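Coordinates in review
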Amino acid sequence: MGFARACSVALVGVEGVVVEVQADLEPGVAAFTLVGLPDKSLVESRDRVRAAVVNSGAEWPQKKLTVGLSPASVPKSGSGFDLAVACAVLGAAERIDPATIADLVMIGELGLDGRVRPVRGVLPAVLAAAEAGYEQVVVPEQTAGEAALVPGISVLGVRSLRQLIAVLCDEPVPDEPNGGQGRPDAMLAGLMIPGTGLGSGLAPAAARGDGHLPDLADVAGQLRPRQALEVAAAGGHHLLLSGPPGAGKTMLAERLPAVLPPLTRQESLEVTAVHSVAGILPPSEPLVSRAPYCAPHHSATMQSLVGGGNGIPRPGAVSLAHRGVLFLDEAPEFSGKALDALRQPLESGHVVVARAAGVVRLPARFLMVLAANPCPCGRHTLTGAGCECPPSVVRRYQARLSGPLLDRVDLRVEVEPVDRADLLGQGGRGESTAVVAARVRDARARAAERLAGTPWTTNSEVSGHELRTRLLVAPGALAAAERDLERGILTARGLDRVLRVAWTVADLRGADRPDASDVAVALELRTGIQRGVPMGAGKR
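Quick caveat, the model's predicted, so the values are computed rather than measured.

Turning next to the overall build of the protein chain. Within the protein chain, the secondary structure is distributed over 23 helices and 16 strands. When each of the 540 residues of the protein chain is scored for burial, the buried share is 51%. In the protein chain, 72% of the contacts between residues at least 6 apart in sequence involve partners at least 24 apart. When the accessible area of the protein chain is evaluated, it comes to approximately 23,100 Å², of which 52% is carbon and sulfur surface.

So, in structure tokens, the structure goes:
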């Protein structure tokens, strides 16, 4: 009897579970049995592995073969187990020393000719292997750069099963042609899910176009919305832009990712792991370093926003926008069910998707930007524009954004139409993205220094209890906010969010703590009620 084992990783959402692949050979009629809760694509690995082993020059054992995937209670899907299954079989057949593969984690799909094809989710799989204490992994050559992002892991990238057998047996490693011949590498097709390209609104900002990022200086006028955009970026606050069509709401939202500071190493790993599982990680960019930008169409379903799909749920738009911007253009046109599903991730920073196949926890700490028209025709707030929408229709249209959802939005700004002087450049160009981004970085650095030793890094994450007990504002600064709370203009959650925005405004102007003017700016940005404070208060 021959026995060998190797290791691979099963992904549940964006979290990995190390799976032990066991191969057992016994005398009997030649058969291949695969057990351990595999899905359809994994069951088909029996034929792929057999053909790959034979075409790689190794002999397939003519005995009763049983391959078990342990733990058997964890659902396993995908073709990334092929490499581990093949090596376990060869180890049981004594073509490979079983001791050399016992603690080796292998991830990759096998072609019928023995070539190793890349699979999605290599980074979270290698992260799971590192957390479990493994030190060596074998991955397809195309994803070796992605696997090498994990510290403390020795990565071996291989092109074919022949090369891996030679390395494990200390034999000369054969040369394998890449087969590209000047064409795009067809092996990379397995890394991208059809429908998640540039036109779907689910691609990160760095992958759009030729890498050029829109500049804030291109926006004509709009002093108040620009100020709100800066505050949103500095503190991570959610933003609602309402106004008539053509006022510049989408232009402002598209320029927000460039204002956000670059991702830290830990944040980059989190974002890259989600994008790798979702199949939108560009092969040429193994590490996402800039804040992603996700703009789904208003016809998107609830499952596409928060996550879902057949079998184990896959990441939705809220997870693809993790540590970046989720832009919902024409927000009232989204279904109420889809919008209300955003309430929980807006508060917790993650989303829990429960399906019959399992429960998945996905990261979802994003900055949400909503864009809305005042009425179906969009001319309700314009003087003499001829809006013919009845009052009942206007109320019904505006009510599509529910009160509980809007209560979680820190900043609400009216985007007025641009006048002729601003549009023709007679009023001068506004500040560029680089200037605003520098102030945002300084403000975030002040917040990070103040919040050192806590689980928070930005003002929008700080709990209300912490704001009312330890991070105190100047004496008497909350008088106006307390009056609004008593009048019912603010909820208890709204008061906490006003405090968070006030701290961000204070950080932007370099103050130690917010004063009455900072709170007034925060109240005006949240309620839209004029407080008699210039909107440039954050730049004093």
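Overall, the coordinates contain 26 salt bridges when judged by the stated rule. Through salt bridges that share partners, Glu347, Asp407, Arg408, Asp410, Arg493, Arg497 and Arg526 make up one connected network.

Following the sequence through the fold, aspartate 496 ends up in helix H22 (residues 492-508). Setting aside its immediate chain neighbours within four residues, aspartate 496 contacts Gly464, Leu467 and Arg468.

Its location among the elements puts serine 160 in the loop between strand S9 (154-158) and helix H7 (161-168). Residue serine 160 is classed as buried on the basis of its relative accessible area, which comes to 1%. Polar side-chain contacts of serine 160 include one of 3.0 Å to the side chain of glutamate 176.

Looking now at the nonpolar core. Ranked by internal contacts, the top residues of the largest apolar core, which has 53 residues, are Leu239, Val369, Val519 and Leu525. By residue number, the principal contributor to this core is H22, which donates 8 residues. Those residues within four positions of valine 519 in sequence are excluded, and the remaining contacts are Ala477, Leu478, Ala481, Val498 and Ala502. Residues Ala6, Val21, Leu34 and Ala86 belong to the second largest nonpolar core, which totals 40 residues.

Assignment of secondary structure puts leucine 42 in helix H1 (residues 40-43). Considered as a pair, leucine 42 and glycine 80 are 38 residues apart in the sequence and their alpha carbons are 8.4 Å apart. Not counting residues up to four positions away in its chain, the partners in contact with leucine 42 are Leu34, Leu69, Lys76, Gly78 and Phe81.

What follows covers unusual backbone geometry. The peptide bond linking serine 70 to proline 71 adopts the cis configuration, its omega dihedral lying at 5°. One can find proline 71 in the loop between strand S4 (64-70) and helix H3 (82-92). Phi angles above zero are rare outside glycine, and aspartate 170 is one such case at about 55°. On the secondary structure map, aspartate 170 appears in the loop between H7 and helix H8 (223-235). Unusually for a residue other than glycine, glutamate 330 sits at a positive phi of about 55°. Locating glutamate 330 in the fold gives a position in the loop between strand S12 (325-328) and helix H14 (336-340). Glutamate 330 sits in the partly exposed class, given a relative accessible area of 27%.

Moving on to the environment of glutamine 163. With respect to the helices and strands, the residue glutamine 163 is situated in helix H7. In the structure, glutamine 163 is positioned 13 residues away from glutamate 176 in sequence and 8.0 Å away in space, judged by C-alpha atoms. Contact partners of glutamine 163, with chain neighbours within four places excluded, come to Val158, Val173, Pro174, Asp175 and Glu176. One polar contact links the side chain of glutamine 163 to the main-chain amide nitrogen of arginine 159, over a distance of 3.0 Å.

Right, let's talk about the packing of H22 against helix H23 (residues 516-527) for a bit. Each packed pair of helices is defined by two parameters, the angle between the axes and the distance between the axes. At a minimum axis distance of 8 Å, the contact between H22 and H23 shows a crossing angle of 125°. Here H22 is positioned oblique relative to H23, judged by the angle of their axes. At the point where H22 passes H23, the crossing takes the right-handed sense. On H23, the residues touching Gly494, Arg497, Val498, Val501, Ala502, Val505 and Ala506 of H22 are Asp518, Val519, Val521, Ala522, Leu523, Leu525 and Arg526.

Rules of the game
- Residues numbered from 1 in each chain as written.
- Predicted model: local features only at pLDDT ≥ 70, side-chain atom pairs only at ≥ 80, totals over all residues.
- Heavy atoms only, no water.
- Helix = DSSP H or I, 4+ residues; strand = E, 2+ residues; numbered from the N terminus.
- Buried < 20%, exposed > 50% of the residue type's maximum accessible area, 1.4 Å probe, protein only.
- Contact = heavy atoms within 4.5 Å.
- Areas by Shrake-Rupley, 256 points an atom, 1.4 Å probe, with all protein chains shown as cover.
- Salt bridge = Lys/Arg side-chain N within 4 Å of Asp/Glu carboxyl O.
- Polar contact = N/O pair within 3.5 Å; in protein donor to acceptor, adjacent residues only side chain to side chain.
- Core = buried A, V, L, I, M, F, W, Y, C linked by side-chain atoms within 4.5 Å.
- Axes fitted to C-alpha atoms, helices over the stretch in contact; angles between N-to-C directions.
- Parallel < 35°, antiparallel > 145°, perpendicular 65-115°, else oblique.
- Left-handed = near helix turned anticlockwise from the far one by under 90°.

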